[in-house]
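# Topology and contacts: notes
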Amino acid sequence: MGKQKRRATAVEDVPVPRTAEEFADFLLAAAFDRTKAAAVKRLAPGLELPDSLARGVDLAGRRVITRVCRNGWLPEDVHQAARRRVDEFAVSYVLDTLAGYAGQFSPETVHPGWREQLDETGAVQWWSASEPHATQWAAKHILTAAEALTTVVEALGLLVSMPALNPVLPAPGTPYRPTAHDAVDEKQLSRVRALLAKAESSSFPEEAEALSAKAQELMTRYALDRALVESSAPDVPASRRLWLDTPYLDAKSLLVHVVATANRCHAVFDARWGFVTVVGDENDLDAVALLTTSLLVQATRAMIADPAGRSRAFRQSFLVSYATRIGERLEKAAETTLADAPDADRLLPVLASHELKVQAAFTQLFPDVVGKSVTVRDLDGWDAGRSAADRARLTGS
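Summary of the structure given here. As the structure is a prediction and not an experimental result, all values here were calculated from the model.

The linkage connecting T246 with the following residue, P247, adopts the cis geometry, with an omega of 0 degrees. Within the secondary structure, P247 is located in the loop between β1 (238–243) and α11 (249–262). Phi is positive for R264, close to 65 degrees, though the residue is something other than glycine. Mapped onto the elements, R264 comes out in the loop between α11 and β2 (266–270). Using a relative accessible area of 17% as the deciding quantity, one classes R264 as buried.

With that settled, consider empty space enclosed by the protein. One pass over the full model with this rule turns up 3 cavities of 30 Å³ or more. Looking at the largest cavity, its volume works out to about 70 Å³. Lining the largest cavity are 11 residues; nearest its centre among them are L189, M219, Y222, N283 and A287. At the level of elements, α9 (186–201), α10 (205–229) and α12 (282–305) are the ones that each hand at least two residues to the lining of the largest cavity. Element by element, the count of residues in the lining of the largest cavity is highest for α10, at 4 residues. For the lining of the largest cavity, the residue count by class is 7 nonpolar, 2 polar and 2 charged.

What counts and what doesn't
Residues numbered from 1 in each chain as written. Predicted model: local features only at pLDDT ≥ 70, side-chain atom pairs only at ≥ 80, totals over all residues. Heavy atoms only, no water. Helix = DSSP H or I, 4+ residues; strand = E, 2+ residues; numbered from the N terminus. Buried < 20%, exposed > 50% of the residue type's maximum accessible area, 1.4 Å probe, protein only. 1 Å grid on protein atoms, 1.4 Å probe; cavity = no way out; pocket = protein on both sides within 12 Å on 5 of 7 lines; lining within 4 Å. Points joined across faces, edges and corners; volume = space filled by probe spheres on them. Nonpolar A, V, L, I, M, F, W, Y, C, P; charged D, E, K, R; others polar.

The values are spatial; any link to function lies outside them.
Shown next as structure tokens:
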């Protein structure tokens, strides 16, 4: 009882802010220290947000989203982190802060990739500039003032916890120069997407995996052809973050790693947030994203369909085994495609030079990366996963 009384007194003794600046500071302090969050509800006990408080909410949101974006987080990253860690109302607030942040920049100062990601999240500036966003946002979601503030603190708490990331695209307002890799062969990608779509819709594992193998073969041939054409041009390795859904993140990240390796890329997994950063040529990154997404769908379907796959240990082991075997076969398929290429002798030094540049870029971005093992606890799951991967006819024949 004594401790409860002291906590209550501490909340009562918190000075009540008056200006928008003071409200913004108060909300951010509550976001950093959740023990202060209880005091937030005292700021607006009624059904409406006072004007200075609403403007303070807007100011706090602008401050923290600016920091997040300048620290390397892209719209898709922010959205993926939010949907995993906060409720739907907080997600909507986070997306609105993103839209408001982007809206202050002229289109030509926003990288096309950044803008595309923003559009894909559905973040749009829907509110009127005639009154604070917080007031309109609370009304849109039918939230009381106390509910709105609680949600805002939850969203701000997420945003202030986001660490600095290695840059993938320049933040809005930062000068950028388009590279040759910005132009992707959409016809080639369409063929690959069509094969993978058929693989995902097939109810026959052998057919699905043969279609995936054909997609990998096409991507490898395209990459080899491009390597010869661009052999005299300087490589500019890029990076991309691929977000994974729980559960079995370690096993799924292993699948991303083997697909990345087969496509001349390097990958590192951030277990804190659940994404893999892949470094390589822009077009190879497209290949990794497409094939990984499809293989995850197929692996999950095969795992669930296995009558023995009921336990968590079985499924974890299944996915690790599947990824390991897929990696072996993808690498063999890539070697076969290279050996069959008419200009194999010319390609080898070009690919070796490209690998050195990708490795150097990866090391610069992640100088302290350490390897991590994945534990397998169910031999039946391992055998089932390997059998599922063995059905993949990765030569495309």
